[in-house]
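Listed here are the chains, written in short residue letters.
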Amino acid sequence: MEFLSGLVGNNAVIVSAVILILAYIFIATEKIPKVTIALIGAACTMFLGLVSVNKTLPDGSLDPHYFINFVDFNVIFLLVSMMIIVNISTETGVFNWIANELLKFTKGHPVWILVVLALFTAVASAFLDNVTTVILIMPITFYIADKLEINPAPYLITEILSSNIGGTATLIGDPPNIIIGSAAGLSFMDFILELTDIVCLILALVIGVMILFFRKQLKAEPEKMAEIAKLDNSHTIKDKAGMIRSIIVLGLVILGFVTHDMTHIPASLSAMTGASFLLLFEKPTNIIKDVEWNTIFFFIGLFVIIGGLEASGGIALMAKWLLDVTNGSETATAMVILWGSGILSGIIDNIPYTVTMAPMIANIQSVMGAEYAHPLWWCLSLGACLGGNLTIIGAAANVIVSENAAAKNHKITFMQFLFYGAITVFISLIASTVYIYFRFLAH
């Protein structure tokens, strides 16, 4: 055991990097559940002594390499709390009611339905997680396609794209933003102020392009359109008292996020307070079992794996390498992060990618200063979130929609989605490049 710890100690950067790369490979192949891979990687990281399992050193002082130090509990508590709030709110039927009202407004016209579903998905994804949003919108989409007797694929593809674009706009919209917000100390309002404009522009461009591509499929008989216009929405709300409670709590939690700069109450604490209050009126067992614990333990495992690389000095080496490659140029570093994140996040899961990159940018910040690093955080956010649109496996929402479509005999193939996804990501990254340059870099 002493020989092993000596061997690992002398080659800690290599060993921790190998664990991370192997984890990436297994996550990408999807042969083993990714939560299992993350936990095996975390166990290896602790077993090999890359991070410490003891809180204190032999002299009684706190160990800076204690594995818990690398787990970002602000991220964990924010994710769990928002999942609880959203699960309780969804059960009341409030989101379905809003979607149905919007559909009635379209008078059943297929093009306007595409626009409304895309906008609803984008806005909902900014405040709920993307997976919840697509799970809400899919049954409505299949119902409409069935009533209009048209192919649901154009709607489903546009919803996937809109979900990932909308989730980019806020701190809580997409897990990468939660990681970035916590690592960089960015508030809910920082995300709103810096990203809303560019996200709205990208969304408008993408919806326009999708209407152009799908225009021949977006046609229906007038009598079929009339059925959608007369949609009965009177029985959609299942629990009126619960709905009122959920809306008030969700509103107050978001108000807590918005006023963070004045109150300095962490987003995770605002969300936890709201979730705890709503649980007073529910059976906690029923709600908590619906929390995506796989995602939560996936995060915890990843934090420990990346902690091993950080403790060994590997993250600092990566940061130094990036600065060497770009000769310290802020513009070059920003563009490498933006485009690299956009492409890689479409190929590998954007959560482990962001968990790896966040400490690296934090390291660059400690070397080059906060002003230099500020645009880099927004490049990481835009690249990691928008890059999820590249492939059908680029984000969890993509996979869920494609699996449900296949189950309903409306298969969306990998290559079919890649065509629309690649065009969307290209438009997104070009728009983001122009925005980042003129917003932060053109001095």
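Heads up: the structure comes first, above all this text.
Description of the structure in this document. A quick note: this is a predicted structure, and the numbers were derived from the prediction, not measured.

## Re the environment of Ile412
Then, number 1: On the secondary structure map, Ile412 appears in the loop between helix H21 (396–407) and helix H22 (414–441).
Then, number 2: Taking the C-alpha atoms as reference, Ile412 lies 43 Å from Leu48; in sequence the two are 364 residues apart.
Then, number 3: Apart from the residues within four sequence positions on either side, Ile412 is in contact with Leu156, Ile157, Ile392, Ala405 and Phe417.

## Details of the side chain of Ser312
Then, number 1: Inspection of the secondary structure puts Ser312 in helix H16 (residues 293–312).
Then, number 2: Side chain to side chain, Ser312 and Ser16 meet in a polar contact 3.1 Å long.
Then, number 3: Residue contacts for Ser312: discarding those within four places in its chain leaves Ala12, Val13 and Ser16.

## Regarding H16
Then, number 1: Compared with the 28 Å implied by 1.5 Å per residue over 20 residues, the 29 Å span of H16 between its first and last C-alpha is a close match.
Then, number 2: Counting buried residues along H16, 14 of its 20 residues qualify, which places the element largely inside the surrounding structure.
Then, number 3: Gly313 sits one or two residues past H16 and shows a positive phi near 95 degrees.

## Looking at a nonpolar patch on the surface
Then, number 1: Taken together, Ile14, Val18, Ile21, Leu22, Ile25, Phe26 and Ile32 make up a surface patch of nonpolar side chains, about 610 Å² in accessible area.
Then, number 2: In this fold, Ile21 is placed in helix H2 (residues 12–29).

## Side note on the nonpolar core
Then, number 1: Counting residues in hydrophobic clusters, the biggest one holds 140 residues, and the most contacted among them are Met82, Phe257 and Ile436.
Then, number 2: Not counting residues up to four positions away in its chain, the partners in contact with Phe257 are Leu78, Met82, Ile172, Phe188, Met189, Ala267, Ser270 and Ala271.

Cut-offs and rules
The numbering scheme is per chain: residues are counted from 1 as the chain's sequence reads. Where local features are concerned, this predicted model is filtered to residues with pLDDT of at least 70; where side-chain atom pairs are given and counted, the filter is 80 or more; whole-chain, interface and lining totals use all residues. Based on all heavy atoms of the structure, the side-chain values leave hydrogens and waters out of the count. By the criteria applied, helices consist of DSSP H or I runs no shorter than four residues and strands consist of E runs no shorter than two, each listed in order from the N terminus. The contact definition used throughout considers only heavy atoms, calling two residues in contact when any of these lie within 4.5 Å. In the analysis that follows, any N or O atom pair within 3.5 Å is treated as a polar contact, provided that within protein one partner can donate a hydrogen and the other can accept it, and provided that, for residues neighboring in sequence, both atoms belong to side chains. Take the number of residues in a helix, subtract one, and multiply by 1.5 Å to get its expected span. For each residue, the accessible area found with a 1.4 Å probe, counting protein chains only, is set against the maximum for its type, and the residue is called buried under 20%, exposed over 50%, and partly exposed in between. Patch criteria: residues need more than 30% relative accessible area and no salt bridge. Like-charged residues are merged within 9 Å; nonpolar side chains of Val, Leu, Ile, Met, Phe, Trp and Tyr are merged within 5 Å. With residues, only the protein chains shown are counted as cover, and all accessible areas are computed by Shrake-Rupley using a 1.4 Å probe. We define a salt bridge as a side-chain nitrogen of Lys or Arg found within 4 Å of a carboxyl oxygen belonging to Asp or Glu. We define the nonpolar core as a collection of buried residues of types Ala, Val, Leu, Ile, Met, Phe, Trp, Tyr and Cys that are connected through side-chain atoms lying within 4.5 Å of one another.

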